[in-house]
Amino acid sequence: WYATWSLWLYSLRSAYGLGRSAKAKILPVGLFAVACMASVVLVVVNNVVQRRVTSYVGLVATFSYAATVFVAIVGPELVSRDLRNKLLALYFSRPIERFDYALAKLAALAAAVLMLFAGPLLIMLLGMAFKSSGGVGGVFDEIWLFLAGLSAAAIHAVVFAAIALPLAS
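Residues numbered from 1 in each chain as written. Predicted model: local features only at pLDDT ≥ 70, side-chain atom pairs only at ≥ 80, totals over all residues. Heavy atoms only, no water.

(A) Fine view of the overall build of the protein. Assigned secondary structure in the protein consists of seven helices and zero strands. Secondary structure elements of the protein, listed N to C terminal, follow the sequence α-α-α-α-α-α-α. Out of the 169 residues belonging to the protein, those deemed buried represent 38%. Considering only contacts in the protein between residues 6 or more positions apart, those separated by 24 or more positions represent 80%. (Helix = DSSP H or I, 4+ residues; strand = E, 2+ residues; numbered from the N terminus. Buried < 20%, exposed > 50% of the residue type's maximum accessible area, 1.4 Å probe, protein only. Contact = heavy atoms within 4.5 Å.)

(B) How the structure looks around the packing of aromatic side chains. Throughout the structure, instances matching the rule amount to four aromatic pairs. The interplanar angle of 40° and the centroid separation of 5.3 Å between the aromatic rings of Y16 and F70 together place this pair among those described as tilted. Within this pair, whereas Y16 is found in the loop between helix 1 (2-15) and helix 2 (22-49), its partner F70 is found in helix 4 (residues 64-84), the two being separated by 54 residues in sequence. Ring plane angle 80° and centroid distance 6.2 Å describe the contact between Y56 and F146, whose orientation is recorded as edge-to-face. You can see Y56 sitting in helix 3 (residues 56-62) and its partner F146 sitting in helix 7 (residues 135-168), a full 90 residues away along the chain. Judged by relative accessible area, which is 1%, Y56 ranks as buried. (Phe/Tyr/Trp six-rings, centres within 6.5 Å; stacked < 30°, edge-to-face > 60°.)

(C) Structural context of the packing of helix 6 (residues 98-131) against helix 7. Two elements in contact, helix 6 and helix 7, have axes whose closest approach is 8 Å; the angle formed by their N-to-C orientations is 155°. For the element pair helix 6 / helix 7, the angle class is roughly antiparallel. For the element pair helix 6 and helix 7, the recorded crossing hand is right-handed. Considering only residue class, the contact of helix 6 with helix 7 consists of 26 nonpolar, two polar and two charged. (Axes fitted to C-alpha atoms, helices over the stretch in contact; angles between N-to-C directions. Parallel < 35°, antiparallel > 145°, perpendicular 65-115°, else oblique. Left-handed = near helix turned anticlockwise from the far one by under 90°. Nonpolar A, V, L, I, M, F, W, Y, C, P; charged D, E, K, R; others polar.)

(D) Summary view of the environment of Y65. Tracing the backbone shows Y65 in helix 4. The spatial distance from the C-alpha of Y65 to the C-alpha of A15 is 18 Å, given a sequence separation of 50 residues.

(E) Broad picture of the nonpolar core. Counting residues in hydrophobic clusters, the biggest one holds 41 residues, and the most contacted among them are Y56, F70, L109, V113, F117 and L121. Tallying contributions element by element places helix 6 first for this core, with 14 residues. (Core = buried A, V, L, I, M, F, W, Y, C linked by side-chain atoms within 4.5 Å.)

(F) Just the packing of helix 1 against helix 6, in detail. Where helix 1 meets helix 6, the closest approach of the two axes is 8 Å, and the angle between their N-to-C directions is 40°. Relative to helix 6, the element helix 1 lies oblique. When the axes of helix 1 and helix 6 are compared, the crossing they make is right-handed. Between helix 1, through T4, L7, W8, S11, L12 and A15, and helix 6, the contact on the second element is made entirely by D100, Y101, A104, K105, A107, A108, A111, A112 and M115. A class-by-class count of the residues in the contact of helix 1 with helix 6 yields eleven nonpolar, two polar and two charged.

(G) Quick peek at the side chain of S39. Structurally, S39 can be placed in helix 2. The residues contacting S39, other than those within four sequence positions of it, are L59, F63, P120, I123 and M124.

(H) Molecular detail of helix 2. In this model helix 2 runs 39 Å from its N-terminal to its C-terminal C-alpha over 28 residues, within 8% of the 40 Å that 1.5 Å per residue would give. At P28, helix 2 shows its maximal kink, close to 30°. Of the positions making up helix 2, those classed as buried are A24, P28, L31, A35, C36, S39, V43 and N46. Among the residues trailing helix 2, Q50 stands out with phi positive, at a value near 65°. (Expected span 1.5 Å × (residues − 1). Bend = angle between axes of the 7 residues up to and from the residue.)

(I) Examining a nonpolar patch on the surface more closely. A surface patch of nonpolar side chains, amounting to about 550 Å² of accessible area, comprises V40, V41, V44, V45, V48, V49 and V53. Tracing the backbone through its elements, the reader meets V45 in helix 2. By relative accessible area, which is 33% here, V45 ends up partly exposed. (Patch = residues over 30% accessible without salt bridge, like charges linked within 9 Å, V, L, I, M, F, W, Y side chains within 5 Å. Areas by Shrake-Rupley, 256 points an atom, 1.4 Å probe, with all protein chains shown as cover. Salt bridge = Lys/Arg side-chain N within 4 Å of Asp/Glu carboxyl O.)

Here's what the structure looks like:
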């Protein structure tokens, strides 16, 4: 269990380029920053227009294009570095099975995509909750809408990872 957990954590860090050179961080972190900036723009537009321009689920659907680019960049990086550096034999010398390896890589890619969605959703939640005129009830309504968007993001993340990782392999 610990070996699988360690592989998942290493893969998740590697998806965003943590522990690697600055060149490896540019595209994943840049996509995350662009998605967060777009979410800030949407919050400002929502506040100026005084009506909801997009919902949380709509935001996930809109950012699915960025997620497609993200998995196209990160997916091959997660599996090809292990093959290129001949690390598979090292992984399988520990108490980890092939299924555990594949599941850890899939879970890491899904978690990385979920983080890509969750950042802009959280920014939108904060912006819309402070704008809410319904008091505490309005804030709780925003939280419920946020949770619906987060569940849609989780479904998108699992589907994107399940499609991208076998193609990257």
